[in-house]
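Here are the chains, one letter per residue:
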Amino acid sequence: MPTLSDATRQYRHRLMQDLMDCAHVDALVFTAADFFQWATNFHVDVQTWERPIAVCVPRNGEPFAVMNELSTHHLMMARERGHLWLDLDRVTLYAEHPRVTQRQPLLADVPALIADTLRAAGLAGSRIGVDAASGPLARAAGLLPDAKLVPMLTEMRALRWVKHDEEIAIMRAAAELADWVQDRYRENIRPGRLVQELDYSMAALMVTEGAKRFPGENLEVMRCWTLSGPASASPHGDGASCGARINAGDGMVNIVIPRLNGLVIENERTWFCGKPSSEQARYYEVARAANEAAVNAAVTGKPVSGIDAAAQAVIEKAGCGECIRHRTGHGMGIIGHEYPDDMAFNHRPLLANEVYSAEPGIYVYGLGGFRLDDSVVTGDTPIMLTRTPRTLAHATID
């Protein structure tokens, strides 16, 4: 069963230590939910604008955190499963309601609470790298005049580019489940069916199958979403999906995105409810070739931007350049749109074991969209995690 073990914890901790050494800081503090999870393996269960959290990873010593009381039992459960990379004795909780007994600090006390935990760790006069020097953390810094907060969001994002083998194993398992769901879509697409009903049925099938494959693990359905007919010409839909039905002859773009144990992959396909027209077939083949070019460009040492350029070249050569509405993809990881997110303008060399979505699209107003999206691991030879067939024959549902 794919999980993140102590090997991944040590890998990420080494990355953080190397960054601290390079930047000459004594600790890193993360306040965003995705960074918090990356550093602690805790599935954050609060909105951080409403219930702020912070985890500090010192250069020397064990991590410690400030969290909301809502997470109390969740922390205990995560510890019992062996998934938590925090010692509960090093978690300080605050309350969001006044207590008569067993009082805890309140929300208004969070800046002072952060300052106190940093002071107790001997970091009151230290250089501290942070993902955001605002909110309660900024107010905490005002209570520690000898400390210096060093904004390091760009450097912190780079920590998440290269995946550990355990991360890729989880993403592969999620991709296999997504492929299984795509097979169920192919079996269930038919004229007259409500599009939203189809998607909810497929999401139910995903969690049912997931229960067989990953009992006791954390599987989330981030998206099972279909756009049918002309609405699919907008990558994010037309804003009027309620009541939409599949019509014979429709082209359909669907999105299957599971999140397994905190890691996300994408699997998107274009389907045809009945034999596609010659126009639909032509656009599909261009999109398919662009997707294949993007996947093949995810080679170690070549530029990140080369993934986008390879797909765009195919689309432009086919005379469809005016139908592009978005970049070819983005990094994948803890959140769906992971770092880097500037694929088209990022010219650094690709590293081995990065994971990207390869999702070039063609969008023809009045006709529909044509997009295939695969999650791919960079290497000397790129590795596709999603394997749903891409042929026009497979995409056609008679």
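Since the structure is predicted, the reported quantities are computational estimates derived from the model, not experimental observations.

Rules behind the numbers
Residues numbered from 1 in each chain as written. Predicted model: local features only at pLDDT ≥ 70, side-chain atom pairs only at ≥ 80, totals over all residues. Heavy atoms only, no water. Core = buried A, V, L, I, M, F, W, Y, C linked by side-chain atoms within 4.5 Å. Buried < 20%, exposed > 50% of the residue type's maximum accessible area, 1.4 Å probe, protein only. Helix = DSSP H or I, 4+ residues; strand = E, 2+ residues; numbered from the N terminus. Domains from an automatic or database assignment. Contact = heavy atoms within 4.5 Å. UniProt positions renumbered as here; feature names shortened; annotations may be inferred. 1 Å grid on protein atoms, 1.4 Å probe; cavity = no way out; pocket = protein on both sides within 12 Å on 5 of 7 lines; lining within 4 Å. Points joined across faces, edges and corners; volume = space filled by probe spheres on them. Nonpolar A, V, L, I, M, F, W, Y, C, P; charged D, E, K, R; others polar. Phe/Tyr/Trp six-rings, centres within 6.5 Å; stacked < 30°, edge-to-face > 60°. Lys NZ or Arg CZ within 6 Å of the ring centre and 35° of its normal. Buried area = accessible area lost by both parts, 1.4 Å probe. Salt bridge = Lys/Arg side-chain N within 4 Å of Asp/Glu carboxyl O. Polar contact = N/O pair within 3.5 Å; in protein donor to acceptor, adjacent residues only side chain to side chain. Expected span 1.5 Å × (residues − 1). Arc of directions from axis to C-beta. Disulfide = S-S within 2.5 Å. Pairing = 2+ DSSP bridges.

## Some words on the nonpolar core
Next, step 1: The biggest cluster of nonpolar side chains holds 69 residues, and the ones touching the most others in it are Met16, Leu28, Phe30, Phe36 and Met67.
Next, step 2: Here the element with the most residues in this core is helix α7 (residues 165–188); it accounts for ten residues.
Next, step 3: When residues of this core are assigned to domains, at least three fall in each of domain 1 (6–159) and domain 2 (165–395).
Next, step 4: Setting aside anything within four residues of it in sequence, one finds Phe30 in contact with Met16, Phe35, Phe36, Ala39, Ile53, Ala54, Val55, Val57, Asp131 and Met156.
Next, step 5: Core analysis: the second largest hydrophobic core is formed by 27 residues, Val304, Cys320, Ala358 and Met384 among them.

## Describing the UniProt feature "domain: Peptidase M24" (unreviewed entry) in the chain
Next, step 1: UniProt records the feature "domain: Peptidase M24" (unreviewed entry) for residues 170–377 in the present numbering.
Next, step 2: Spanning residues 170–377, this segment combines 34% helix with 22% strand, and its end C-alpha atoms are found 13 Å apart.

## Focus on the layout of surface pockets
Next, step 1: Volume-wise, the largest pocket comes out at about 360 Å³.
Next, step 2: Contributing to the lining of the largest pocket are 19 residues, with His236, Glu266, His330, His337 and Glu359 lying nearest its centre.
Next, step 3: Of all the secondary-structure elements, those providing two or more residues to the lining of the largest pocket are β7 (219–228) and β8 (251–260).
Next, step 4: Within the lining of the largest pocket, the residues separate by chemical class into six nonpolar, seven polar and six charged.

## Overview of the packing of aromatic side chains
Next, step 1: Counted by the stated rule, this structure contains six aromatic pairs.
Next, step 2: Note on Phe30 and Phe35: the rings are 5.5 Å apart at their centroids and 10° apart in plane angle, and the pair reads as stacked.
Next, step 3: Residue classification places Phe35 among the buried residues on the basis of a relative accessible area of 1%.
Next, step 4: One aromatic cluster is present, built from ring pairs that chain together Phe30, Phe35, Trp38 and Tyr339.
Next, step 5: Here Arg160 stacks its cationic end above the ring of Phe35, 4.4 Å away from the centre of that ring.
Next, step 6: A cation over a ring is seen here: Arg184 above Trp180, with NZ or CZ 4.7 Å from the ring centre.

## Points about the domain arrangement of the chain
Next, step 1: Domain assignment breaks the chain into domain 1 (6–159) and domain 2 (165–395).
Next, step 2: Between domain 1 and domain 2, the residue contacts involve twelve residues of the former and eleven residues of the latter.
Next, step 3: Of the roughly 980 Å² buried between domain 1 and domain 2 on both sides combined, carbon and sulfur atoms contribute 48%.
Next, step 4: Contact with domain 2 buries surface across domain 1, with Asp34, His43 and Arg157 losing the most and accounting together for 46% of the total.
Next, step 5: Linking domain 1 to domain 2 there are one salt bridge.
Next, step 6: Residue Arg12 is joined to Glu167 by a salt bridge in which the shortest nitrogen-to-oxygen separation is 2.8 Å.
Next, step 7: Seen at the junction of domain 1 and domain 2, the total is five residue pairs in polar contact (both at pLDDT 80 or more).
Next, step 8: Of all the elements in the fold, those that place two or more residues in the side of domain 1 that touches domain 2 are α1 (6–23) and α2 (33–40).
Next, step 9: For the side of domain 1 that touches domain 2, the residue count by class is four nonpolar, four polar and four charged.

## Comments concerning the side chain of Gln280
Next, step 1: Mapped onto the secondary structure, Gln280 falls in helix α9 (residues 278–296).
Next, step 2: Note on Gln280: relative accessible area 6%, which makes it buried.

## Some thoughts on helix α8 (residues 195–213)
Next, step 1: Spanning 19 residues, α8 covers 27 Å between terminal C-alpha atoms, matching the ideal 27 Å at 1.5 Å per step.
Next, step 2: When α8 is considered as a whole, its buried residues turn out to be Val195, Leu198, Asp199, Met202, Ala203, Met206, Glu209 and Gly210. The arc that holds the buried residues of α8, viewed along the axis, is 135°, so those residues lie on one side. Across α8 from its buried face, at more than 90 degrees, point the exposed residues Tyr200 and Lys212.
Next, step 3: Of the surrounding elements, those touching the buried residues of α8 are α7, β7 and β8.

## A look at the state of the cysteines
Next, step 1: Applying the stated rule across the entire model yields zero disulfides.
Next, step 2: Not engaged in a disulfide, the cysteine Cys273 finds its nearest cysteine sulfur in Cys224; these two sulfurs lie 18 Å apart.
Next, step 3: The closest cysteine sulfur to the non-disulfide-bonded Cys320 is located on Cys323, 5.5 Å from its own sulfur.

## A look at the side chain of Thr8
Next, step 1: Tracing the chain through its elements places Thr8 in helix α1.
Next, step 2: With a relative accessible area of 0%, Thr8 lands in the buried category.
Next, step 3: Once you skip the residues sitting within four places of it in the chain, Thr8 turns out to touch Trp85, His164, Glu166 and Glu167.

## Comments concerning the pairing of β8
Next, step 1: Most of β8 is tucked away: ten of the ten residues are buried.
Next, step 2: Of the two faces of β8, the one holding Gly251, Val253, Ile255, Ile257 and Arg259 and the one holding Met252, Asn254, Val256, Pro258 and Leu260 are both buried throughout.
Next, step 3: When β7 meets β8, the two strands line up antiparallel, connected through nine bridges. Within β8, the residue paired with Ser228 across the bridge is Met252.
Next, step 4: Examined bridge by bridge, β8 and strand β10 (residues 267–273) share six bridges and lie antiparallel to one another.

## Focus: the environment of Arg193
Next, step 1: As for its position among the elements, Arg193 is in the loop between α7 and α8.
Next, step 2: With a relative accessible area of 9%, Arg193 lands in the buried category.
Next, step 3: Considered as a pair, Arg193 and Pro276 are 83 residues apart in the sequence and their alpha carbons are 18 Å apart.
Next, step 4: There is a polar contact of 3.2 Å between the side chain of Arg193 and the backbone oxygen of Asn188.

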